[in-house]
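Listed here are the chains, written in short residue letters.
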Amino acid sequence: MTNLELKNRDLDVLWHPCTQMKDHETLPLIPIKKAYGVYLEDFDGKCYIDAISSWWVNLFGHTNSYINNKIKEQLDTLEHVILAGFTHEQVIKLSERLIVLAPNGLKKCFYADNGSSGVEVALKMSFHAHKNSSKERKLFVSLTNSYHGETIGALSVGDVKLYKDTYEPLLIQSIQTPVPKDMSLEATMEAANEFEKLCKSRADEISAIILEPLVQGAGSMHMYHKEFLVLVREICNRYGIHLIADEVMVGFGRTGELFACQSANITPDFLVLSKGLTGGYLPLSVVLTTNEIYAQFYCDYNEHKAFLHSHSYTGNALACAAANATLDLFERDDVIEKNRVTARYMSDKLSKFKELKNIASIRQTGMICAIELKGYKAEDRIGLKVYQYGLDNGVLLRPLGHVVYFMPPYIITLDECDKMIDTAYDAIKSLL
Ligand code: PMP
C-alpha cells in the first residue's frame, strides 16, 4: 500500500472531521502506517514529529510500551461492562486515584466518553442541582473566545464563531463575559469586574460559569493570569453560581501543574477531564464534583431528582486501564518536574522568534507554546502554508488561524524539540 492508494480509497468513503473536504483536491491526506514515541510514520516511510499530540491527547508517546501492555492485560480480562448496576476494578481504582490527585473537595466521579459529553454532563448536572434545590436557572455563562466542544450544549457555551454561527438557532441560552485580554493583573481585574457586574444583575438566572483554566485552546491558545481563577471562584461563591472548570485540554500537566486549577489553588464545583486522561489512547471523560452537589441528587426514588444521564461506553474498562497506566507513568517518572526542564528549554528557544518581523506575540504556559503572526488576512491562509511546510519537513504543526503552537507529547527529547521549533521558525520565516 502507498500513501496515494490509501488516500484515494479513503476519499471514496470517508468524511473527515473539521475539514472542508474539497481542500483535499490539493491538500495531502496522510495515511499513517504506524506510530512510536513522538513520531507518526506514513505508508511511504516518511516520519513526522507529532507536535500537537494528535489533537492534544497524547502524553507519553505513541504505542508506549507500558500503556500498551496494561491495555493488553485488560483486554484478556474484561473489555467492557455496563456501568449502571455493575462496576469493575479499573473504574474504581481510577476514581480513587483521581479524587486524591484533583483539587481538594472533589469527591465523586461521573464518567462519559469524550470531552464534549463531559461538558454536557457538567452543564446538565449544574442545572439539575439548582432545580433539585427548587431554583430554575437556565442561563450559562462562559468566557469570550472560549471553546468547549461540538455537541449542541457544549457548542452553545463556546464562543468561536467559526464553529458556532451556523447552528445559532439550535443553541441553548448562554452569554459571554470577557476573558482577560492578556496576562496582566490589570486585565485580570477588568474581566473579573465585568463578571461581577453580570452576576449582580442576573445571578438568579445563572446556573454556572464554564471556563478553560489558564489557556483557551481552540481560542488560539489565548492565555490569562491564574488570579482570574481566584477572583471568579470568589464571585461564584458570593452569588451561588457553580464554577465548571473545563480541563479537557489543560488537564494532566499541560500547564505545568497536574491540573490548571491547582496553580490558583481553587476547587471548581465541576472538573471536566478527557484527552490526556487515557494518555491519548482511548475515548474517555470524567466529571468530578463535590459531595454537596452529589447530595442534591441523593434521595428516595423520585424520577425527577436522579441524574438519568448515560452513554453506552461510560467508564469503559479498556479506557480506564489506559487511564490507570497513564497515572502510573505520572507517578513513576516524576513527569511534572521533568516537564519543567522541557518547558524551560522551549522557552529559551522561543526567544529567537522575536527577531522575525511577522511575529505579533509569543506565549507560553507550561508545556503549551504559541506564536502569533501578524500582517496577514484570513484569506491568505498562512496557517495552511505553515502546516504544509511542516509536513514537507517532517513535523506535524496545525496552526489555529494565525497562531502556530506546540503541544508535544511529554516524552519529546531536547533534540526533537530543536527539530520541531526550528522547522516552525523556518516555516514562519519563509512567509516573509
Ligand atoms: N473542551 C475543550 C477545552 C477542548 O479543547 C475540547 C476539544 N478540543 C473539548 C472540550 C471537546 O472534547 P472532544 O473533542 O473530546 O469532544
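Thresholds, definitions, all that
- Residues numbered from 1 in each chain as written.
- Predicted model: local features only at pLDDT ≥ 70, side-chain atom pairs only at ≥ 80, totals over all residues.
- Heavy atoms only, no water.
- Helix = DSSP H or I, 4+ residues; strand = E, 2+ residues; numbered from the N terminus.
- Rg over C-alpha atoms; globule rule 2.2 N^0.38 Å.
- Buried < 20%, exposed > 50% of the residue type's maximum accessible area, 1.4 Å probe, protein only.
- Contact = heavy atoms within 4.5 Å.
- Lys, Arg positive; Asp, Glu negative; His and termini not counted.
- Charge placed at Lys NZ, Arg CZ, Asp CG, Glu CD.
- Near = heavy atom within 4 Å.
- Polar contact = N/O pair within 3.5 Å; in protein donor to acceptor, adjacent residues only side chain to side chain.
- Areas by Shrake-Rupley, 256 points an atom, 1.4 Å probe, with all protein chains shown as cover.
- Nonpolar A, V, L, I, M, F, W, Y, C, P; charged D, E, K, R; others polar.
- Phe/Tyr/Trp six-rings, centres within 6.5 Å; stacked < 30°, edge-to-face > 60°.
- Lys NZ or Arg CZ within 6 Å of the ring centre and 35° of its normal.
- Domains from an automatic or database assignment.
- Buried area = accessible area lost by both parts, 1.4 Å probe.
- Salt bridge = Lys/Arg side-chain N within 4 Å of Asp/Glu carboxyl O.
- Pairing = 2+ DSSP bridges.
- Axes fitted to C-alpha atoms, helices over the stretch in contact; angles between N-to-C directions.

1. Some remarks on the overall build of the protein chain
Looking only at helices and strands, the protein chain has 15 helices and 16 strands in total. Taken over C-alpha atoms, the radius of gyration comes to 22 Å for the protein chain, in line with the 22 Å a tight globule of 432 residues would show. In terms of overall dimensions, the protein chain has C-alpha extents of about 60 × 55 × 45 Å along its principal axes. When each of the 432 residues of the protein chain is scored for burial, the buried share is 54%. Long-range pairs, those at least 24 residues apart, make up 71% of the contacts in the protein chain with a sequence separation of at least 6. Counting 45 positive and 54 negative side-chain charges, the protein chain places the averaged centre of each group 3 Å from the other.

2. Notes on the site of the ligand
Taken together, Trp56, Asn114, Gly115, Ser116, Tyr147, His148, Gly149, Glu212, Asp246, Val248, Met249 and Lys275 form the complete shell of residues around the ligand. In this structure, an oxygen atom belonging to the ligand sits 2.8 Å away from a main-chain N or O atom of Gly115. Within the complex, 82% of the 390 Å² of free accessible area of the ligand lies under protein. Looking at the shell around the ligand residue by residue, the classes come out as 4 nonpolar, 5 polar and 3 charged.

3. Regarding the side chain of Thr314
Residue placement: Thr314 occurs in the loop between helix H11 (291-295) and helix H12 (317-333). Owing to a relative accessible area of 10%, Thr314 belongs among the buried residues under this scheme.

4. Observations concerning the packing of aromatic side chains
Under the defined criterion, the tally for this structure stands at 13 aromatic pairs. A centroid spacing of 6.2 Å and a plane angle of 40 degrees characterise the contact between Tyr36 and Tyr39, whose relative ring orientation is tilted. Residue classification places Tyr39 among the partly exposed positions, given a relative accessible area of 26%. With a centroid separation of 5.4 Å and an interplanar angle of 85 degrees, the aromatic rings of Tyr224 and Phe228 are classed as edge-to-face. Here the aromatic residues Phe60, Phe252, Phe259, Phe330 and Tyr410 are joined through ring pairs into a cluster of three or more. Over the aromatic face of Tyr294 sits the side chain of Lys108, whose NZ or CZ is 4.6 Å from the ring centroid. Directly above the ring of Tyr425 sits Lys352, whose terminal nitrogen or CZ lies 4.2 Å from the centroid.

5. Section: the environment of Pro17
Among the structural elements, Pro17 can be located in the loop between helix H1 (3-13) and strand S1 (32-36). For the pair Pro17 and Thr63, spaced 46 residues apart in sequence, the C-alpha separation works out to 23 Å.

6. A closer look at the domain arrangement of the protein chain
What the domain assignment reports for the protein chain is domain 1 (3-63 + 335-429) and domain 2 (68-332). The gap between the C-alpha centroids of domain 1 and domain 2 is 27 Å. Across the contact, 28 residues belong to domain 1 and 26 residues belong to domain 2. When the two sides are added together, the surface that domain 1 and domain 2 hide from each other amounts to roughly 2300 Å², 64% of it contributed by carbon and sulfur. Counting the surface domain 1 buries against domain 2, the share from its top three residues, Trp56, Thr365 and Ile368, is 24%. Linking domain 1 with domain 2 are 0 salt bridges. One can count 13 residue pairs in polar contact (both at pLDDT 80 or more) joining domain 1 with domain 2. Elements with a contribution of two residues or more to the side of domain 1 that touches domain 2: helix H2 (53-56), helix H13 (335-350), strand S13 (359-365), strand S14 (368-373) and strand S16 (403-406). If you tally residues by element for the side of domain 1 that touches domain 2, the top one is H13, at 4 residues.

7. Topic: the sheet that holds strand S2 (residues 39-42)
Here 4 strands make up an open sheet; going across it, the order is S1-S2-S3-S15 and the pairing mixed. If you trace the sheet from one side to the other, it starts and ends with S1 and strand S15 (395-396), each paired once. When S2 meets strand S3 (residues 47-50), the two strands line up antiparallel, connected through 3 bridges. Bridging across to S3, Glu41 finds its partner in Cys47.

8. Observations concerning the sheet that holds S16
The strand order across the open sheet formed by 3 strands is S13-S14-S16, and the pairing between neighbours is antiparallel. Pairing within the sheet leaves two strands with one partner each, and these edge strands are S13 and S16. Pairwise comparison of adjacent strand axes, ignoring direction, gives a mean angle of 15 degrees for this sheet. Alignment of S13 against S14, held across 6 bridges, turns out to be antiparallel.

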